[in-house]
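# Per-entry structural report
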Amino acid sequence: ISWKNADKIIDEIIKNPKNCQAEIEKIKAAQKIAEEAFDHILTFVKEGMTEKEISLELDFYMLSHGADALSFETIAVAGKNSSMPHGVPGDYRVQKGDFITMDYGAVVDGYHSDMTRTVCLGEPSDKMREVYNTVLEAQLKGLEALHDGITGVDADKAAREVIEKAGYGKNFGHGLGHGVGVEIHESPRLSPKAPHTLKTGHVVTVEPGIYLPDEFGVRIEDMAVITENGCINLTNCPKELIIL
């Protein structure tokens, strides 16, 4: 689906509040399954497991607990591999002191969810804590900025300024977010080059990240629905750093 066509489709949806609410309920149902999978994976991950084992467990849980399909190929990357925003799960075995970034979602009745959480297996270093807290602050600022009428550029800027101020601007190389619905990536986009205006009823992700090559990476992602005066966060998983 093209960004242009997606704009037209979304505009038709948000003209009818009943349609909009019905779609949001389906996205919430998909997100609930993803959140239950997150709760499960926190009890599943152990030192020595491979990234593939973690990603497959997330997939199996979602598909066996109500998901019609996966939103996209699940990302579960750890250690140095977490510095790759779109890393592919491999045979790396997680070790104490590793960040583990998990980006995944479920599909229910044709509608997608999308979330990312980064957790640590064992105690993180001071630098890891600093980076994590910077991403969390940026993510909260991004959510706080959302409202009907804001542009994708300004939404992105609200989060990006936090990361730049902390000295990690060059390590945040993707946009802040994107629309989610019948496609996993829809309009509107939130990025330095996104002209889109966010409107009441749009569902978008807010997913800042910092990626330090050959060290580690952190991304935190929620979905939110735009309202007239702000947004409603559709993601209920905790965001404070979880140490397994």
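Conventions used here
- Residues numbered from 1 in each chain as written.
- Predicted model: local features only at pLDDT ≥ 70, side-chain atom pairs only at ≥ 80, totals over all residues.
- Heavy atoms only, no water.
- pLDDT = per-residue confidence, 0-100.
- Contact = heavy atoms within 4.5 Å.
- Core = buried A, V, L, I, M, F, W, Y, C linked by side-chain atoms within 4.5 Å.
- Buried < 20%, exposed > 50% of the residue type's maximum accessible area, 1.4 Å probe, protein only.
- Helix = DSSP H or I, 4+ residues; strand = E, 2+ residues; numbered from the N terminus.
- Pairing = 2+ DSSP bridges.
- Axes fitted to C-alpha atoms, helices over the stretch in contact; angles between N-to-C directions.
- Salt bridge = Lys/Arg side-chain N within 4 Å of Asp/Glu carboxyl O.
- Disulfide = S-S within 2.5 Å.
- Phe/Tyr/Trp six-rings, centres within 6.5 Å; stacked < 30°, edge-to-face > 60°.
- Lys NZ or Arg CZ within 6 Å of the ring centre and 35° of its normal.

## Quick notes on the confidence of the model for the chain
Parts of the prediction with low pLDDT should not have their coordinates interpreted in detail. Residues of the chain with pLDDT of at least 70 account for 92%, and the chain-wide mean is 93. Confidence drops under pLDDT 50 across residues 1-17; counting only partners more than four residues distant or on other chains, this segment forms 22 contacts.

## Some thoughts on the nonpolar core
Counting 30 residues, the largest nonpolar core has F99, V131, L146, L190, L198, I210 and V218 as the members making the most contacts within it. If you list the elements that add at least two residues to this core, you get α4 (126-145), α5 (152-165), β9 (203-206), β10 (209-212), β11 (216-219) and β12 (222-226). In terms of residues, this core owes the most to one element, α4, which gives eight residues. Core analysis: the second largest hydrophobic core is formed by 26 residues, M49, A76, A78 and V119 among them.

## Observations regarding the sheet that holds strand β6 (residues 115-121)
On the basis of which strands lie adjacent, the open sheet formed by three strands has the order β2-β3-β6 and antiparallel pairing. Each edge of the sheet is formed by a strand with only one pairing partner; in this case those strands are β2 (75-78) and β6. Each neighbouring strand pair of the sheet contributes to a mean axis angle of 15°, computed without reference to strand direction.

## Let's talk about the pairing of β6
In terms of burial, β6 is largely enclosed, as seven of its seven residues are buried. Every second residue of β6 is oriented toward a common face, with M115, R117, V119 and L121 on one face and T116, T118 and C120 on the other, all of them buried. Note: strand β3 (residues 98-104) against β6, seven bridges, orientation antiparallel. Along β6, the bridge assignment pairs I100 with V119.

## Some words on the pattern of salt bridges
A side chain with one charge can pair with a side chain of the opposite charge if their charged atoms come near. Tallying each qualifying case throughout the model produces 11 salt bridges. Between D222 and R117 there is a salt bridge; the shortest N-O distance is 2.9 Å. Of this pair, D222 sits in strand β12 while R117 sits in strand β6; the two residues are 105 residues apart in sequence, bridging distant segments of the chain. The class of D222 is buried, set by a relative accessible area of 0%. Judged by relative accessible area, which is 2%, R117 ranks as buried. Residues participating in the shared-partner salt-bridge network are R117, D222 and K239.

## Some thoughts on the state of the cysteines
All told, the structure shown has zero disulfides when counted by the stated rule. Cysteine C120 is unpaired, with the sulfur of C237 as its nearest cysteine sulfur at 18 Å.

## What to know about the sheet that holds strand β5 (residues 111-112)
Here three strands make up an open sheet; going across it, the order is β1-β4-β5 and the pairing antiparallel. Two strands in the sheet have a free side with no partner beyond their single neighbour: β1 (69-70) and β5. Pairing of β1 with strand β4 (residues 106-108), which is carried by two bridges, proceeds in the antiparallel orientation. Looking at the pairing, L70 lines up with A106 of β4.

## Comments concerning the packing of aromatic side chains
Taken as a whole and assessed by the stated rule, the structure comprises two aromatic pairs. The interplanar angle of 35° and the centroid separation of 6.3 Å between the aromatic rings of F99 and Y132 together place this pair among those described as tilted. Within this pair, whereas F99 is found in strand β3, its partner Y132 is found in helix α4, the two being separated by 33 residues in sequence. As far as burial versus exposure is concerned, F99 and Y132 are alike and both buried. Each ring, one from F99 and one from F216, has its centre 5.5 Å from the other, and the planes form 70°; the classification is edge-to-face. Of this pair, F99 sits in strand β3 while F216 sits in strand β11, and the two are 117 residues apart along the sequence. Under the relative-accessibility criterion, F99 is labelled buried at 1%. What links up through ring pairs into an aromatic cluster is the set F99, Y132 and F216. Lying over the aromatic face of F172, R160 brings its terminal NZ or CZ to 4.0 Å of the ring centre.

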